[in-house]
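Geometric and topological summary
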Amino acid sequence: MDTPKSNHQRRRSSSPFLMSQTLWSSTEKTCRSGLTRSNDEKGVNVKVVLRCRPPNEDEMKMKGPLVISCDELKQEVTATLNTSNKQINKAFLFDKVCGPSSQQKDFYDQSVAPLVNEALEGYTCTIFAYGQTGTGKTYTMEGEAIKEKNGEFHKNAGVIPRAVQEIFDILESQKAEYTMKVAYIEIYNEEITDLLSLDEESKPIDEKQRKPLALMEDGKGAVFIRGLEEVTVSTADEIYKILEKGSVNKHTAETLLNKQSNRSHSIFSITLHVKECTHEGLELIKCGKLNLVDLAGSENILRSGAKEGRAREAGEINKSLLTLGRVINALVDHSGHVPYRDSKLTRFLRDSLGGKTKTCIIATVSPSIQCLEETLSTLEYANRAKQIKNRPEVNQKLTKSALIKDLYVEMDCLKQELHATREKNGIYIPQDRFLSEEAAHKAIVGKLKFTELDLESKNKKLIEVQDLYDNQRQLTADLTEQLERTQRELKKAEQAFNDLEAQNRRVKEMIQEKDSLVSDVIKSEKEMTDKALELRDEVENAESEISSLFAKIEKGNSREERNRILVQSFRSKLSQQLEILKRKTAISVTKQEQQLNVILEDTQSFLANKRRATDELKVQLQKLKDKYNSDIQNLAVPVQDLHENSQLAFSKVNSEISKHSSAFTDLVGKISADVNAILNGLQGNIRELEVKINAFVRQEQQYQTRRYHEIQISSEVLLNFFKTLNTYISKLRLMDEKSQTINNQQLFTLEDKFEELAASEERQLIEKVAELILASSTKKKRLVQTAVNDLRECSTIKTRNLNAEFSDIQGCANSAYEEWTNYIESTESHHIEDSTRLEFWKSSLAGNIDCWLSWFPMI
Ligand SMILES: Nc1ncnc2c1ncn2[C@@H]1O[C@H](COP(=O)(O)OP(=O)(O)OP(=O)(O)O)[C@@H](O)[C@H]1O
């Protein structure tokens with residue numbers, strides 16, 4: 001067992017087989033000590049840890065939503081997107097989920113530390129980080145700093161320095177005897193380089209200095225890297241320096257998604273040999289191995305902004321990751337053929353995927369919406385990888401003596417080889433090997449000839465294959481170019497499609513707005529149509545009313561006309577009547593005047609007569625009175641004489657007087673009777689006249705009253721008629737005005753409606769045009785979509801075919817190349833060995849012969 005030394009001890013592997021045993025071998029070794037443990041027959045699933053980083057500055061600036069949520073209790077990751085044109089809600093369960101807030105220390109303790117302990121137990125363990133570029137693979141594996149000034153871990157220190165420290169801590173605490181060797185390689189553009197063999201002074205790295213190393217198989221399925229340098233370390237600080245040196249030598253570049261993006265897959269490997277004592281006191285050497293792989297980021301070439309050389313890198317990265325995906329799929333689907341050989345990465349990881357290794361995949365994702373597509377792809381990838389089953393086995397433990405023996409044999413071989421090389425005196429071959437090889441030699445010599453012939457034909461074939469290979473390479477280059485062109489076109493088409501989609505979204509939004517407007521418009525239009533119908537009915541009613549009104553007006557007019565004619569005729573008749581009445585009145589007045597005059601005259605004459613008669617009567621009466629007075633006076637004296645003379649006479653006289661008075665009274669009576677008769681006659685006449693006059697006057701009055709009444713009635717009728725006519729006319733006027741207003745209103749409404757109808761028709765027309773535009777744009781979109789889909793399909797098929805072809809060609813070429821190299825190498829080495837051995841044999845035989853000859857000089 002090596003004792004730890006303070007300085008790095010380098011040893012370039014001289015034998016690929018030995019190299020494979022110590023660093024990369026993954027073949028199942030026969031259990032010499034019988035202590036190898038085997039896992040459950042069914043195997044153990046690859047562990048998958050998901051880590052989601054916090055959003056970076058750019059993502060925060062874009063203010064996009066965070067679409068990834070991590071439930072560390074349920075170990076569940078959910079991708080959620082709710083937009084109008086895309087809805088995603090997918091949940092994935094993993095062995096461990098660490099959200100954006102998880103710290104480096106916690107992550108290491110919870111996810112990686114258990115596997116480090118397994119490596120110390122003698123298992124080969126692989127941890128690899130997989131994820132989109134810029135999601136934190138390097139941050140997780142290496143971190144951003146290692147230690148603080150006080151010797152404590154920096155909070156950003158990643159998995160590798162922490163694992164290294166833990167290994168040393170555990171081994172120191174166990175006071176174990178151990179050796180530790182580390183190697184650091186990268187796979188860049190399908191070429192493997194040793195990151196620790198590069199000269200520290202030559203920076204920036206000289207590409208010529210990078211010597212590609214060959215990945216070989218030892219014939220038993222174990223993979224090894226020929227010429228890889230392993231560095232023996234004894235402290236953690238030495239490893240940190242190695243890490244720093246290796247990291248400087250890595251291929252990195254700035255991309256749009258990461259300022260320092262790894263353009264290669266890097267593998268840091270720690271090999272441990274720990275001494276163990278069994279209860280029986282037997283010393284065993286336990287061999288554990290820890291491979292820490294930081295894969296290059298899967299990337300969308302467009303989004304990462306990779307161009308020319310970078311695009312080629314990205315192409316190679318994606319190719320190897322694609323192969324990794326195919327390997328995972330083949331393992332999960334249990335398909336017979338697993339395409340490990342299709343890329344250096346999968347060849348190297350062969351034992352970690354479906355082999356005897358304990359494997360943990362750290363899948364890294366970003367929470368932002370911009371990375372959603374790649375995040376979903378990583379989640380699907382990791383979810384699938386969870387189903388890969390490995391059958392981990394503890395590496396064989398060697399007894400110390402066996403190891404020492406092996407080492408001695410190896411040392412002896414090396415010493416002899418060295419000696420032989422120094423002396424340029426052939427090579428050292430151990431006795432038993434010499435004898436067995438001797439026996440084989442003859443067969444080989446025979447074979448050699450055959451081989452030479454075969455070689456010739458194979459050379460020819462090789463040339464052919466080389467040509468074919470060159471052609472294929474050319475074809476591959478063309479196809480790659482074509483693929484890149486197609487990819488570029490596809491990206492362009494995708495961009496155009498995205499633009500179209502955005503446009504479509506906008507148009508859809510506009511259409512939605514328009515739809516709502518249209519529905520509003522349709523609603524209002526419906527209302528308007530209802531109203532229009534109502535209005536139409538009203539208009540029709542109004543029209544019929546107007547026409548009836550017009551008819552009425554017509555009627556009214558004709559009636560008015562008739563009335564006017566009537567009034568005119570009535571007026572003329574009335575004036576005629578009035579004229580007649582006037583005339584009649586005048587005549588009657590004249591007549592009456594005449595009659596009155598006659599009556600007056602009659603009355604006057606009558607009165608004159610009567611006056612005269614009265615005067616005569618008065619005169620006669622006066623005469624009578626005078627006579628009576630004179631008689632009385634005459635009688636007074638006799639009366640007095642008589643009175644005085646006798647009372648007898650008096651009686652006589654009295655009698656006489658009474659006689660006379662009776663005669664007088666009779667006379668007077670007679671006269672008064674006459675007068676009375678005359679007066680009575682007169683009075684009778686006057687009364688008669690009066691009665692006549694009264695009757696005439698009454699008659700006239702009655703006539704006049706009647707006439708007046710008649711005139712009054714007719715004038716009242718007329719007035720009433722005129723009044724009614726006026727009211728009727730004013731009513732008619734009012735009605736006319738009303739109907740005019742209604743008509744005007746209706747005309748206005750009709751005008752409005754017409755305008756609205758025209759506007760709605762215009763709108764409808766616009767909508768129809770919009771519909772036509774929409775239909776045509778949908779048609780176009782559909783066409784574009786179909787074209788894009790076709791293009792996509794075509795490019796996918798092409799890519800698939802190309803990839804398949806690439807893989808086949810590459811597989812063929814690689815295996816042919818390797819077979820051929822192996823074959824040539826082994827043939828060469830055999831040839832050289834055989835020739836040297838023959839020479840040696842020949843010279844020794846010659847020596848012997850000389851010796852025999854000297855012993856037997858006689859011969
Ligand atoms: N969990 C995290 N917490 C804080 N910062 C992080 C985390 N993960 C990544 N980052 C930051 O994100 C940036 C990119 O990370 P990193 O370089 O590790 O990505 P990557 O996956 O290795 O990318 P690439 O594949 O391009 O190499 C770095 O600046 C790093 O500091």
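Since the model is a prediction, treat every value here as computed from it, not as a measurement.

1. Some words on the site of the ligand
The immediate surroundings of the ligand are formed by 17 residues, with Thr 133, Lys 137, Tyr 139, Glu 144 and Ser 261 found nearest. Between the ligand and Thr 135 there is a distance of 3.2 Å, counted from an oxygen atom to a backbone nitrogen or oxygen. Taking Thr 138, its side chain carries an N or O atom lying 2.8 Å from an oxygen atom of the ligand. Protein chains bury 81% of the 630 Å² of accessible surface belonging to the ligand in isolation. Listing elements by their share of the shell around the ligand, those giving two or more residues are helix 4 (137-141) and strand 15 (261-262). Residues belonging to the shell around the ligand are distributed by class as follows: 2 nonpolar, 11 polar and 4 charged.

2. Looking at the packing of helix 3 (residues 104-120) against helix 5 (residues 159-173)
The interhelical angle for the contact between helix 3 and helix 5, taken along N-to-C directions, is 50 degrees, at an axis separation of 9 Å. With respect to each other, helix 3 and helix 5 are oriented oblique. Our pair here, helix 3 against helix 5, has a crossing hand that is right-handed. For the pair helix 3 and helix 5, the contacting residues are Gln 104, Lys 105, Phe 107, Tyr 108, Val 112, Ala 113, Val 116, Asn 117 and Leu 120 in the first and Val 159, Arg 162, Ala 163, Glu 166, Ile 167, Ile 170 and Leu 171 in the second. Tallied by class, the residues present in the contact of helix 3 with helix 5 amount to 11 nonpolar, 2 polar and 3 charged.

3. Here we look at the side chain of Thr 375
Among the secondary structure elements, Thr 375 is positioned in helix 10 (residues 372-385). Other than its neighbours up to four places away in sequence, Thr 375 contacts Ile 68, Gln 132, Val 365 and Ser 366.

4. Considerations on the packing of aromatic side chains
Here the distance between the centres and the angle between the planes together describe a pair of aromatic rings. Following the criterion strictly, the structure yields 4 aromatic pairs and no others. Between Phe 92 and Phe 94, the ring centres sit 6.4 Å apart and the planes meet at 15 degrees, which makes this aromatic pair stacked. When the centroid spacing of 4.1 Å and the interplanar angle of 15 degrees are considered together, the rings of Tyr 130 and Tyr 381 count as stacked. On the criterion of sequence distance, the pair formed by Tyr 130 in strand 8 (residues 124-131) and Tyr 381 in helix 10 is long-range, its members being 251 residues apart. Each member of the pair, Tyr 130 as well as Tyr 381, is classed as buried.

5. Quick notes on the pattern of salt bridges
Scanning the entire structure with this criterion turns up 10 salt bridges. Close ionic contact of Lys 491 with Glu 494 constitutes a salt bridge, the shortest N to O distance being 3.8 Å. Remark: Glu 494 and Lys 491 occur in helix 12 (residues 431-645); sequence separation between them is 3 residues, near one turn of the helix. Residue class for Glu 494 comes out partly exposed when judged on its relative accessible area of 23%.

6. What about the environment of Ala 176?
With respect to the secondary-structure elements, Ala 176 resides in the loop between helix 5 and strand 9 (178-188). Through-space distance from the C-alpha of Ala 176 to that of Glu 276 is 8.0 Å; in sequence the pair is 100 residues apart. Apart from residues no more than four positions distant in its own chain, Ala 176 is found in contact with Leu 171 and Val 274.

7. Thoughts on helix 3
At Val 112, helix 3 shows its strongest bend, of approximately 55 degrees, with the proline Pro 114 following within four residues. For helix 3, the complete set of buried residues consists of Gln 104, Phe 107, Tyr 108, Ser 111, Val 112, Ala 113, Leu 115, Val 116, Ala 119 and Leu 120. Within two residues after helix 3, Gly 122 carries a phi angle of roughly 110 degrees, on the positive side.

8. A short note on the nonpolar core
Nonpolar side chains tend to gather and get buried jointly when the protein is soluble and globular. Core analysis: the biggest nonpolar cluster contains 52 residues, and Phe 94, Leu 324 and Leu 353 have the highest contact counts within it. With 8 residues, helix 8 (residues 309-333) is the largest single contributor of residues to this core. Excluding residues within four positions of it along the chain, Phe 94 makes contact with Val 48, Leu 50, Gln 75, Val 77, Leu 379, Ala 382, Asn 383 and Lys 386. In terms of nonpolar packing, the next biggest core, distinct from the first, is built from 47 residues, Phe 107, Ile 170, Val 231 and Tyr 240 among them.

9. Description of the sheet that holds strand 6 (residues 87-93)
On the basis of which strands lie adjacent, the open sheet formed by 3 strands has the order 4-5-6 and antiparallel pairing. Across the chains shown, the open sheet's two edge strands, defined by having one partner strand only, are strand 4 (68-71) and strand 6. Averaged over neighbouring strand pairs, the angle between their axes works out to 15 degrees when direction is ignored. The sheet contact formed by strand 5 (residues 76-82) and strand 6 spans 7 bridges and is antiparallel. Directly across from Leu 81, in strand 6, lies its bridge partner Ile 88. Helix 10 rests against strand 4, strand 5 and strand 6 of the sheet, and its axis sits at about 30 degrees to strand 6.

10. Describing the confidence of the model for the protein chain
On average, residues of the protein chain score 75 in pLDDT, and 72% of them reach the 70 mark or higher. Mean pLDDT values for the elements of the protein chain range from 27 in helix 1 (residues 16-24) up to 96 in strand 3 (residues 47-52). Under a pLDDT of 50 for its full length, residues 1-40 has, in the predicted model, 111 contacts with residues more than four places off or in other chains.

11. Overview of the side chain of Ser 269
Of note, Ser 269 is situated in strand 16 (residues 265-277). Given the relative accessible area of 0%, Ser 269 is considered buried. Looking at Ser 269, its side chain comes within polar contact range of the side chain of Asn 291, at 3.0 Å.

12. Things to note about the state of the cysteines
All told, the structure shown has 0 disulfides when counted by the stated rule. Cysteine Cys 52 shares no disulfide, and the gap to the nearest cysteine sulfur, in Cys 70, comes to 4.4 Å.

13. Considering the packing of helix 5 against helix 6 (residues 236-249)
Helix-helix packing is characterised by the crossing angle of the two axes and by the distance between the axes. The interhelical angle for the contact between helix 5 and helix 6, taken along N-to-C directions, is 155 degrees, at an axis separation of 9 Å. Classed by the angle they form, the pair helix 5 and helix 6 counts as roughly antiparallel. By crossing handedness, the relation of helix 5 to helix 6 is classed as right-handed. Contacts between helix 5 and helix 6 involve Ile 160, Pro 161, Val 164, Gln 165 and Phe 168 from the first element and Ala 236, Ile 239, Tyr 240 and Leu 243 from the second. Residue composition of the contact of helix 5 with helix 6, grouped by class: 8 nonpolar, 1 polar and no charged.

14. Details of a negative patch on the surface
On the surface, Glu 527, Asp 530, Glu 534, Asp 537, Glu 538, Glu 540 and Glu 543 cluster together into a patch of negative charge. Relative to the helices and strands, Glu 538 resides in helix 12.

15. Describing unusual backbone geometry
Among all residues save glycine, negative phi is the norm, and among peptide bonds the norm is trans. Phi angles above zero are rare outside glycine, and Gln 75 is one such case at about 55 degrees. The phi angle at His 334 is positive, at roughly 55 degrees, despite the residue not being glycine. Mapped onto the fold, His 334 is located in the loop between helix 8 and helix 9 (344-348).

16. Points about the pairing of strand 8
Strand 8 sits mainly inside the fold: 8 of its 8 residues count as buried. Residues Thr 124, Thr 126, Phe 128 and Tyr 130 of strand 8 are buried on one face, and the alternating residues Cys 125, Ile 127, Ala 129 and Gly 131, pointing to the opposite face, are buried as well. Of the pairings in the sheet, the one linking strand 8 to strand 18 (residues 358-365) comprises 7 bridges and is parallel in character. Bridge assignment links Ile 127 to a residue of strand 18, and that residue is Cys 360.

17. What to know about the environment of Thr 135
Along the polypeptide, Thr 135 turns up in the loop between strand 8 and helix 4. When the C-alpha positions of Thr 135 and Pro 55 are compared, they lie 9.4 Å apart, and in sequence the two are 80 residues distant. Polar contacts involving the side chain of Thr 135 include one to the main-chain carbonyl oxygen of Gln 132, which spans 2.5 Å. For Thr 135, the side chain forms a polar contact with the side chain of Thr 364, separated by 2.8 Å.

18. Observations concerning the pairing of strand 3
Burial analysis of strand 3 places 5 of its 6 residues in the buried class, which makes it a mostly covered element. As paired elements, strand 3 and strand 18 share 6 bridges and run parallel to each other. What sits directly across from Val 49, in strand 18, is Ile 362. Bridging between strand 3 and strand 7 (residues 96-98) involves 3 bridges; their strand directions are parallel. Among the inter-strand pairings, Val 49 is bridged to a residue of strand 7, identified as Lys 96.

Definitions and cut-offs
Residues numbered from 1 in each chain as written. Predicted model: local features only at pLDDT ≥ 70, side-chain atom pairs only at ≥ 80, totals over all residues. Heavy atoms only, no water. Near = heavy atom within 4 Å. Polar contact = N/O pair within 3.5 Å; in protein donor to acceptor, adjacent residues only side chain to side chain. Areas by Shrake-Rupley, 256 points an atom, 1.4 Å probe, with all protein chains shown as cover. Helix = DSSP H or I, 4+ residues; strand = E, 2+ residues; numbered from the N terminus. Nonpolar A, V, L, I, M, F, W, Y, C, P; charged D, E, K, R; others polar. Axes fitted to C-alpha atoms, helices over the stretch in contact; angles between N-to-C directions. Parallel < 35°, antiparallel > 145°, perpendicular 65-115°, else oblique. Left-handed = near helix turned anticlockwise from the far one by under 90°. Contact = heavy atoms within 4.5 Å. Phe/Tyr/Trp six-rings, centres within 6.5 Å; stacked < 30°, edge-to-face > 60°. Buried < 20%, exposed > 50% of the residue type's maximum accessible area, 1.4 Å probe, protein only. Salt bridge = Lys/Arg side-chain N within 4 Å of Asp/Glu carboxyl O. Bend = angle between axes of the 7 residues up to and from the residue. Core = buried A, V, L, I, M, F, W, Y, C linked by side-chain atoms within 4.5 Å. Pairing = 2+ DSSP bridges. pLDDT = per-residue confidence, 0-100. Disulfide = S-S within 2.5 Å. Patch = residues over 30% accessible without salt bridge, like charges linked within 9 Å, V, L, I, M, F, W, Y side chains within 5 Å. Lys, Arg positive; Asp, Glu negative; His and termini not counted. Charge placed at Lys NZ, Arg CZ, Asp CG, Glu CD.

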